[in-house]
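Chain by chain, the residues:
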Amino acid sequence: MTNATVAVVGGGLVGTLNAIYFAQRGWNVNLYEARPDMRLPENKAKERGKSINLALSERGLSALRETKLGLDEIILEASVPMYARMVHVGDKQMSQAYSEHGEYINAVDRARLNDLLLDRTETFKNISVYFEHQLVMIDFDKNILSLKTGSTEHQSSIVNHYADLIVGADGAYSRTRGQMMRRMRMNYEQEYIDTGYCELSMLPKLDGKGEPEFVLDPNHLHIWPRHTFMLIALPNPDKTFTCTLFMPFDMFNEITTKEKLLDFFSIHFPDAIPLIGQERLMDEYFKNPRGSLITIKSSPHHLNGQAVIIGDAAHAMVPFYGQGMNCGFQDIEVLHQVLDHHGITPILTKEMKVRLEKALTDYSNTRVKDAHAICDLAMYNHYEMRSAVTSLRYLARKKIEGWIHLWAPQWVIPLYTMVSFTTIPYSKAIERWHKQNFWLNVVLGTVSMVTLTGLTGAILFNKNNSKEQKSDMIKTVIDSVWKYFK
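All values derive from a computational prediction rather than experimental measurement.

Spatial ordering of the open sheet is given by E3-E7-E4, a layout of three strands whose pairing is antiparallel. Looking at strand neighbours, the two that pair on one side only are strand E3 (54–56) and strand E4 (80–82), the edges of this open sheet. Neighbour-to-neighbour, the strand axes of the sheet open up by a mean angle of 40 degrees, direction not taken into account. In terms of strand pairing, E3 meets strand E7 (residues 105–108) through three bridges, oriented antiparallel. What sits directly across from Ala 55, in E7, is Ala 107. Together, E3 and E7 form the strand contacts of helix H12 (residues 324–341), whose direction differs from that of E3 by roughly 50 degrees.

For the rest of this paragraph, the subject is the packing of helix H3 (residues 58–65) against H12. In the contact formed by H3 and H12, the axes pass within 8 Å of each other and the chain directions differ by 40 degrees. If you check the angle between H3 and H12, you find them oblique. Crossing angle aside, the handedness with which H3 passes H12 is left-handed. Residues Arg 59, Gly 60, Ser 62, Ala 63 and Leu 64 of H3 lie in contact with H12, whose contacting residues are Asn 326, Phe 329, Gln 330 and Glu 333. The class makeup of the residues in the contact of H3 with H12 is three nonpolar, four polar and two charged.

Below, the discussion takes up the confidence of the model for the chain. Per-residue pLDDT for the chain averages 88, and the proportion of residues at 70 or more is 82%. Across residues 481–486 the pLDDT falls below 50, and counting only partners more than four positions away or on other chains, this stretch makes eight contacts in the model.

Between Ser 299 and the following residue, Pro 300, the backbone shows a cis peptide bond with an omega angle of -5 degrees. Here Pro 300 shows up in the loop between strand E19 (291–299) and strand E20 (302–303). Positive phi is not limited to glycine here, since Glu 132 has a value of about 55 degrees. For Glu 132, the position within the fold is in the loop between strand E8 (127–131) and strand E9 (133–139). With a phi angle near 50 degrees, Asn 304 is a residue other than glycine that sits in the positive phi range.

Analysis parameters
Residues numbered from 1 in each chain as written. Predicted model: local features only at pLDDT ≥ 70, side-chain atom pairs only at ≥ 80, totals over all residues. Heavy atoms only, no water. Pairing = 2+ DSSP bridges. Helix = DSSP H or I, 4+ residues; strand = E, 2+ residues; numbered from the N terminus. Axes fitted to C-alpha atoms, helices over the stretch in contact; angles between N-to-C directions. Contact = heavy atoms within 4.5 Å. Parallel < 35°, antiparallel > 145°, perpendicular 65-115°, else oblique. Left-handed = near helix turned anticlockwise from the far one by under 90°. Nonpolar A, V, L, I, M, F, W, Y, C, P; charged D, E, K, R; others polar. pLDDT = per-residue confidence, 0-100.

This is the structure we're talking about:
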């Protein structure tokens, strides 16, 4: 009996890593990508300005490590560590560390990571990669995929390929998911937020020796928060920064001329203009496309023992927690842990097919709640990044939470630490965060009452103040404490 075949639809980051995992399990893997080979120079140029830079953290690294191919080490060598946020407000900059223990996230280039994974798939004899193969439909009665080949309508044709298992890793607008929904009762929810994005860039400057160097501190994720909109900048290994302007579409639509663009930046991001350069700013702003941001939730993630969706195909999220890729990579690690638990082999006997269906059911039961959790957290972090990072209340809570975690890590783990520096399931991280918030509020409430009592007592027993002055001072203290801790 020959080894089973798995069809992986989508040759992006999640699809290629999943192909490697299945190949290591002994399956025959067909990897289908609708685009032409993105490693070719002429195709790289077409992708420029379309994507948001990636932040690789522990969940993604864990999935890369699990291949035992040294993929994590290779990509980290070409990454830039970011230890903190650098918040730009007015003419001031404020560093906010991600961790009290020195942990950091890694700025990585999407295209370079995709190239690395595709190159590695070619070292496996049991992986076949098909570029310019776009999924058209799936006949689940026969497990046959129909794919359109070719780069133009006149040169295209339809080919049919069989697969024992189909894995959809074909992104937020997944055709695999759409085909599954025709055969099952899948709960599906999508939401666009009224925020778009435009990619910009900062080139390096030359030092005294004529060598290129970063124009900003490279070990920070830079943020210019402006409540309803913001600019961010992530470092690249070539000493450039990839910037992304996030703001409501109405604001994008109002900036129709170069003069309006420069006026807008002069008011809201004056320090960014010399870093980007006026000419480059005007060129990239009007040339690069506007991207939309969407949240997608689906349940379950599988169809019987025939198909499963992973990554954005199952749970697209807004990019503000930097977990899209990390979550997709963790999908793969969790999926294969579940397959191991059920003893799934590439020899699909009748009994093994029954096991496979049970395994995919367990995967959905395990992963759906975590996928929904990180989608919600990503939306929450949108508010935090564009607005909360400048509030005293936020800074006070983060500082106190960090101190407690530093000295008693078994009691309190900051939410960001749980999400970015551990592999704790997202749903469990949220549960723990809510419990910690309750007790942190109790502590802050107690501190505020003690502070309030002490200050009020000092005011009342001060004989130099009149009754009216004491009343006004007490009211001021109450208002101040309440604003700080509420």
